[in-house]
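Chain residues, written in single-letter form:
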Amino acid sequence: MQTAAPLLEVEGLEVEFRTRQGIARVLDGVTLSLKPGQTLGIVGESGCGKSMTALSIMRLVPTPPGRIGAGAVRLKGENLLQASEARMREVRGKDISMIFQEPMTSLNPVYSIGDQIAETVRLHERLSRRASLERAVNMLKAVHIPAAERRVREFPHQMSGGMRQRVMIAMALACRPSVLIADEPTTALDVTVQAQVFDLLKEMQEKTGTAIILISHDMGAIAEMADRVIVMYAGRVVEEAATDEILESPKHPYTRGLIACVPHMEEQPPPERGALTEIPGVVPSLAALGAGCSFAPRCSHADDLCRRQAPQPFTVGTDRRTACWLYDEPGAP
């Protein structure tokens, strides 16, 4: 059976920001691939480079002070980093769409919901105002917003947080993009609405075949949605594997720490699980990273080699990578 070719490929992506403390490399050699219909999870603490990866794929890095220094972002073989800004305006919303973290600040408060969805359709598909508004109504129905014909004339402040997030999903999927980037799509929503949003994303993916990049700091959300997971720390990919492999057998100490931080609801958890743990310390300043492994100051396994030299991703087993010196030698755990 032939494996599907990647729809989106990111290779050696480097992004730098000029700050008062000096040059901060916020992405350092990020590499990933996404296949049609696949959901790729990107997980890590705040400040690890998850959202910056998404903005770089969309070519939305603020310049200045940011700059994409190296790498390639290929969509169906086309390197978007070499595309003109006019070409990127065609790509955004039509080929790649993005759901931003906070819908209240992402939606324009002075335009109706219908006008904001219709604008995307008119721009990319050249439909009339009437036809584009009809598409907006249909998209609101598709994301299960009741009374869509009335809601399409309402403004963002008239809707709840869950409704606004559904509007963002409808807007992102209005032109049936090949890739949907969901950046913390359930931020500030209660757990019931979170579950509804995830169910909706799965349903829309089944209908449209859209590939999804799900960005989150929540391992529970990643377990629910993703087929494959990338773990990021300080702008680097430290581990990549199938979701089941990551959850059942995490290799990198940082990945183990993220999973250990997830609370469990059992009244009597298994004795081997132990108490809920935390990862000591904080994500380091990206303007002051040393030559060694960026996780070394927080890692109980760190030694002199870790502090001197940053590891490159090692292949562990089949189809998984781990950037940790623990896996430098054959037969490593």
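Residues numbered from 1 in each chain as written. Predicted model: local features only at pLDDT ≥ 70, side-chain atom pairs only at ≥ 80, totals over all residues. Heavy atoms only, no water.

1. Observations concerning the pairing of strand β1 (residues 8–19)
Point 1. Judged from the 8 bridges that link them, β1 and strand β4 (residues 66–75) form a sheet pairing that is antiparallel. If you follow Val 10 over to β4, its bridge partner there is Val 73.
Point 2. Across 10 bridges, the pairing between β1 and strand β2 (residues 22–34) is antiparallel. Counterpart to Leu 13 in the pairing with β2 is Val 30. (Pairing = 2+ DSSP bridges. Helix = DSSP H or I, 4+ residues; strand = E, 2+ residues; numbered from the N terminus.)

2. Here we look at the packing of helix α4 (residues 113–125) against helix α7 (residues 161–173)
Point 1. Two numbers describe how α4 lies on α7: the axes approach to 8 Å, and their chain directions differ by 20°. In terms of axis orientation, α4 runs roughly parallel to α7. You can see that α4 and α7 cross each other, and the crossing is right-handed. Counting all contacts with α4, which are made through Ile 113, Gln 116, Ile 117 and Thr 120, the residues of α7 involved are Val 167, Ala 170 and Met 171.
Point 2. In the contact of α4 with α7, the residues fall into 5 nonpolar, 2 polar and no charged. (Axes fitted to C-alpha atoms, helices over the stretch in contact; angles between N-to-C directions. Parallel < 35°, antiparallel > 145°, perpendicular 65-115°, else oblique. Left-handed = near helix turned anticlockwise from the far one by under 90°. Contact = heavy atoms within 4.5 Å. Nonpolar A, V, L, I, M, F, W, Y, C, P; charged D, E, K, R; others polar.)

3. Quick look at the sheet that holds strand β11 (residues 314–315)
Point 1. Read from one edge of the open sheet, 8 strands run β6-β7-β8-β3-β9-β10-β12-β11, paired in mixed fashion. The strands lining the two open edges of the sheet, one partner per strand, are β6 (96–99) and β11.
Point 2. With 6 bridges joining them, strand β9 (residues 228–233) and strand β10 (residues 236–242) adopt antiparallel strand pairing. Each residue of the ladder has a partner; that of Val 231, found in β10, is Glu 239.
Point 3. Strand contacts of helix α1 (residues 50–57): β3 (39–43), β6, β7 (179–183), β8 (211–216) and β9, with the helix running at about 145° to β8, the strand carrying the most contacts.
Point 4. Together, β3, β6, β7 and β8 form the strand contacts of helix α8 (residues 191–208), whose direction differs from that of β8 by roughly 160°.

Everything listed is a geometric property; what it means functionally is a separate question.
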